[in-house]
Amino acid sequence: MPKLYIETVGCQMNVLDSELVVAALRKEGYELTSDSAAADTVIFNTCSVREHAEEKIYSALGRLKNAKQSNPEKVIGVIGCMAQNHQRTVFERAPYVDLVVGPGQLHQVPELIRKVQQGSGQQLEVSLGRKDGSRENITRSHESFDPLRDPTMRPTPFQAYVRIQIGCDKFCTYCIVPSVRGPEQSRSPQHILAEARQLADEGCKEITLLGQTVNSYKYTEGETTTRFSDLITSLHDIEGIDRIKFVTNYPKDMTDDLLIAVRDLPKCCKYLHVPAQSGSDAQLKTMRRGYTVAEYREMLARTYEMIPNVAVTSDFIVGFSGETDEDFQMSMDLVRESRFKNSFIFKYSERPGTKGAQHMIDDVPDAVKRARNQEMLALQNEISEEDNQRFLGGKVEVLVEGLSKAAIKKEAELQNANEQITPSPSPSPQGGGEGHGMAPQGQQTQLTGRTMCDRIVVFDGNRRQVGETIDIAIYDANAHTLFGSVVTQHLTPELVTLS
Ligand code: 5AD
Ligand code: SF4
């Protein structure tokens, strides 16, 4: 059987894309390996959002140069956003790469690998650029469809991503996504519902709907328009699906119908990721985000008012073109008052091809970007830790996802020690699934799970509990994790459930 090694960086979209590529290649007889040296085909699924992510891929490719020299049959592929962004440059910088495939062309990967193996040389398949034709043609060239699912590549067997929208038309000036993922397209509700039903039939309990601006979802067919709130209401009826999550929200499309749906649908996670990016109007304007800080504040106040105990998270970019100390302090003010559950904070990374790179100067020194990043992170961590204290002494309902990071590390060390005595015949597959970093059935181990509000909870439990929804009594908390123990009715009956 040919062996496939696949490495994925970037967002959940990429994780899902890898799942689909693996499914297509498994159909061709491939099996996964976690050892790139032993693989017949090595694929990197890449991200272009920041320069750092791209440079890391070139370094990883550099490390494969010798392997390719000693085994010219090895097929090396670069797929995803960087493939679309750099195109032939990938071949120029790493001439031993065999295929470069953009995110809209991933269905071609098996055929392209075959062509390489048949001696047709380097293969490049990308979608049209945003100025390379009519909107219809560009849109069609990015159209990707999600035909096959590979349960073993899911985050866990009972959790799955479902793509409901591709591309983006917001064109924030710092962002490469509209170029590499193409025009915004919403997928038909029938297809989404059919996929969710299939996932439920396969034992999936939690679906996460994916879109760059997921809440801008809108699908019109004849007289009928399906809004995002309509879609989640329909998905809510699927038996077997217990939790519905979605990322990423665009602040301006946080409409009341959506907030009401999130509030009233019990399966809908009370967790909203709504990136603010900045707390300064001047910066929001140069970023072309399409809203003011006052509008973001109004949206947030409405969200907190309408959905009790909702958890909101945000993204911020520090050091974008022209960001002054005052601008940065306004972002700090927004973080301070917003009580986000968490914020993802990024140093601005200029992306060639964006309006930001064309018309603005990347004028904030890296040292200043780094200092602002650390300052904001420290503030957010303080808030997250403070807010998590309210869980102490209460209980939360958790969907158990698997072993905790510490337990996985411990198991890997144990396995290594065992292998030195008896070499294991084959490595376990990547991703979730049976046998992935799991303690033997029945054994006590440290587990991790998430609440409906996406809070991570670590506790001692039994491997059999993975995939179950259970109550955990919380006795400790830091900024990012709650720690607890499994509630046993006769021991801890009086705890109050918190969310
Ligand atoms: N530099 C830094 N961060 C960026 N993001 C998007 N583009 C850039 C960039 N050029 C951040 C935004 C977005 C998140 C996914 O990545 O905060 O919400
Ligand atoms: Fe990028 Fe803005 Fe689209 Fe988000 S909304 S993907 S930040 S262009």
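Reading the values: the criteria
Residues numbered from 1 in each chain as written. Chains lettered and ligands numbered in written order. Predicted model: local features only at pLDDT ≥ 70, side-chain atom pairs only at ≥ 80, totals over all residues. Heavy atoms only, no water. UniProt positions renumbered as here; feature names shortened; annotations may be inferred. Near = heavy atom within 4 Å. Polar contact = N/O pair within 3.5 Å; in protein donor to acceptor, adjacent residues only side chain to side chain. Helix = DSSP H or I, 4+ residues; strand = E, 2+ residues; numbered from the N terminus. Nonpolar A, V, L, I, M, F, W, Y, C, P; charged D, E, K, R; others polar. Buried < 20%, exposed > 50% of the residue type's maximum accessible area, 1.4 Å probe, protein only. Pairing = 2+ DSSP bridges. Phe/Tyr/Trp six-rings, centres within 6.5 Å; stacked < 30°, edge-to-face > 60°. Lys NZ or Arg CZ within 6 Å of the ring centre and 35° of its normal. Salt bridge = Lys/Arg side-chain N within 4 Å of Asp/Glu carboxyl O. Axes fitted to C-alpha atoms, helices over the stretch in contact; angles between N-to-C directions. Contact = heavy atoms within 4.5 Å. Parallel < 35°, antiparallel > 145°, perpendicular 65-115°, else oblique.

By the naming in an unreviewed UniProt entry, the protein is tRNA-2-methylthio-N(6)-dimethylallyladenosine synthase, taken from Aeoliella mucimassa. Turning to the protein, the UniProt annotation filed under Subcellular location (unreviewed entry) states: "Cytoplasm". Under the UniProt heading Subunit (unreviewed entry), the note attached to the protein is "Monomer."

On to the site of ligand 1. Near ligand 1, the surroundings consist of Val49, Arg50, Tyr174, Gln277, Asp315, Ile317, Phe346, Lys347, Tyr348, Ser349 and Arg351. Taking Gln277, its side chain carries an N or O atom lying 2.7 Å from an oxygen atom of ligand 1. The side chain of Asp315 places a nitrogen or oxygen atom 2.6 Å from an oxygen atom of ligand 1. Of all the secondary-structure elements, those providing two or more residues to the shell around ligand 1 are strand 15 (311-318) and strand 16 (342-347). Of the residues belonging to the shell around ligand 1, the class tally is five nonpolar, two polar and four charged.

Here, the residues flagged by UniProt with the feature "domain: MTTase N-terminal" (unreviewed entry) are residues 2-118. Each end of residues 2-118 is marked by a C-alpha atom, and these two atoms are 15 Å apart; helix forms 47% of the span and strand 20%.

Let's shift gears to the pairing of strand 17 (residues 395-403). Among the nine residues in strand 17, eight count as buried, and that is most of the element. Relative to strand 20 (residues 469-477), strand 17 runs antiparallel, the two sharing five bridges. Among the inter-strand pairings, Val398 is bridged to a residue of strand 20, identified as Ile470. Sheet analysis places strand 17 next to strand 18 (residues 444-450), joined by four bridges and oriented antiparallel. Opposite Leu403, over in strand 18, you have Leu447 as the bridge partner.

Before going further, it helps to spend a moment on the packing of aromatic side chains. Inspection of every chain in the model, using the stated rule, returns seven aromatic pairs. Ring centres of Phe228 and Phe246 lie 4.8 Å apart, and the angle between their planes is 80°; on these two criteria the pair is classed as edge-to-face. Linking Phe228 in helix 10 (residues 228-236) with Phe246 in strand 13 (residues 243-247), this pair joins segments that are 18 residues apart in sequence. The pair Phe228 / Phe246 is uniform in exposure class, with both members buried. Of the aromatic side chains, those joined through ring pairs into one cluster are Tyr250, Tyr291, Tyr296, Phe316 and Phe340. When the ring centre of Tyr58 is taken as origin, the NZ or CZ atom of Arg93, which lies over that ring, is 3.7 Å away. Above the face of the Tyr250 ring, Lys170 is positioned so that its terminal group lies 4.9 Å from the ring centre.

Now for the site of ligand 2. In the vicinity of ligand 2, the contacting residues are Cys168, Lys170, Phe171, Cys172, Tyr174, Cys175, Val177, Pro178, Gln212, Thr213 and Arg289. Looking at the shell around ligand 2, its residues break down into seven nonpolar, two polar and two charged.

For the structure shown, the criterion picks out 34 salt bridges. Between Glu136 and Arg140 there is a salt bridge; the shortest N-O distance is 2.7 Å. With Glu136 and Arg140 both in helix 7 (residues 135-142) and four residues apart, the pair spans about one turn of that helix. Through salt bridges with shared partners, a single network forms among Glu206, Arg243, Lys245, Lys341, Glu401, Arg450 and Asp454.

To continue, consider the sheet that holds strand 10 (residues 206-210). Pairing in this open sheet of three strands is parallel, and the strands run 7-10-13 from one edge to the other. The two strands at the open ends of the sheet, each matched to only one other strand, are strand 7 (159-163) and strand 13. Direction aside, neighbouring strands of the sheet carry axes that sit 25° apart on average. The pairing of strand 10 with strand 13 spans five bridges and is classified as parallel. Bridge pairing in strand 13 places Glu206 opposite Arg243. The sheet strands contacting helix 10 are strand 10 and strand 13, and the helix crosses strand 13 at an angle near 155°.

Moving on, we come to the packing of helix 1 (residues 12-27) against helix 6 (residues 109-117). Where helix 1 meets helix 6, the closest approach of the two axes is 9 Å, and the angle between their N-to-C directions is 55°. By the angle between their axes, helix 1 is oblique relative to helix 6. Across the interface between the two elements, Val21, Ala24 and Leu25 of helix 1 pack against Val109, Pro110 and Ile113 of helix 6. Looking at the contact of helix 1 with helix 6, its residues break down into six nonpolar, no polar and no charged.

A few words now on the side chain of Ser141. Looking at the element boundaries, Ser141 is found in helix 7. A distance of 2.9 Å separates a polar side-chain atom of Ser141 from the backbone nitrogen of Leu128. Setting aside anything within four residues of it in sequence, one finds Ser141 in contact with Gly104, Gln105, Ser127 and Leu128.

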